[in-house]
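Structure at a glance
Residues per chain, in single letters:
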Amino acid sequence: SRTQSKLDDAAARHNKTLGEGTVKGFAFDLTNPAGVKDFLASISAAFGLPIKVVYYNAVKFNLPHDAPADEVVAGCNVNFATLWTAFGAVLPEWLASEGGGVFIMSGGGLASNGAPAAQFGAQFGATQKAFMKNFAESAQATYADKGVHVCALEINSLVFGGVNIP
C-alpha cells in the first residue's frame, strides 16, 4: 500500500538526487471519488504549478464470486468513478491551456488477455483494466487534437526482483 510515510520516504530518496522539494508524495483514499478534484487541486497548490501529467495506477483487483455488494461498489468506485472524476478534474484546464496535458493509466495485460490462469476473482480486475483501456482509447480519439493525450500502459507480464516471469 502507498501510505503517506512510504511516499515521504520515496520522495526523500529521489530528492537527494533531484533536489529538495522536487518530488513530493501525496496519499489519497481512492474509494472517495468525490474528493478527487480537491486532492488534485492540493497537489497543484503544493507545487505552485498546474498539473500537466496524471499517472493513474489504481485498481481494485480481486473479488471473490460471493463478495458482498458493498465491496463490489467500493471496487467500482476505485476502478471507474475515481478514474472518471480524476480525468474530469484536469480536463477543463488542459483544454483551456496551450500545453494541454497527459493522462496515463496502467492498463496491464489483464486489459487484453483477462486472467485465464488466475483465480476467478481476478476477473473483476480484468474487467476494470479493460474499462481503463477503452476509456483511454476513447478519450485519446476525442481530445488528442486539442492537446490532451490519454493512454493506457500495458505491462503484460509479472516482474519479481527484476526478473520477468512470462
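First, a word on what this report is: a plain description of the structure on this page.

Considering the arrangement of structural elements, one finds Thr82 in helix α3 (residues 69–96). Filtering out sequence-adjacent residues up to four positions away, Thr82 remains in contact with Leu30, Pro33, Val36, Tyr56 and Asn77.

Here the focus is the pattern of salt bridges. Tallying each qualifying case throughout the model produces one salt bridge. In this structure, Lys146 and Asp145 form a salt bridge, with 3.4 Å as the shortest nitrogen-oxygen distance. Taking the relative accessible area as the measure of exposure, Asp145 reaches 66% and is therefore exposed.

Our focus in this paragraph is the pairing of strand β2 (residues 101–106). Relative to β2, strand β1 (residues 53–56) is paired through four bridges, and the arrangement is parallel. Following the sheet pairing, Tyr55 is matched in β2 by Ile104. As paired strands, β2 and strand β3 (residues 148–153) are joined by six bridges and run parallel to one another. In the sheet register, Ile104 faces β3, and the bridge partner there is Cys151.

Thresholds, definitions, all that
Residues numbered from 1 in each chain as written. Predicted model: local features only at pLDDT ≥ 70, side-chain atom pairs only at ≥ 80, totals over all residues. Heavy atoms only, no water. Helix = DSSP H or I, 4+ residues; strand = E, 2+ residues; numbered from the N terminus. Contact = heavy atoms within 4.5 Å. Salt bridge = Lys/Arg side-chain N within 4 Å of Asp/Glu carboxyl O. Buried < 20%, exposed > 50% of the residue type's maximum accessible area, 1.4 Å probe, protein only. Pairing = 2+ DSSP bridges.

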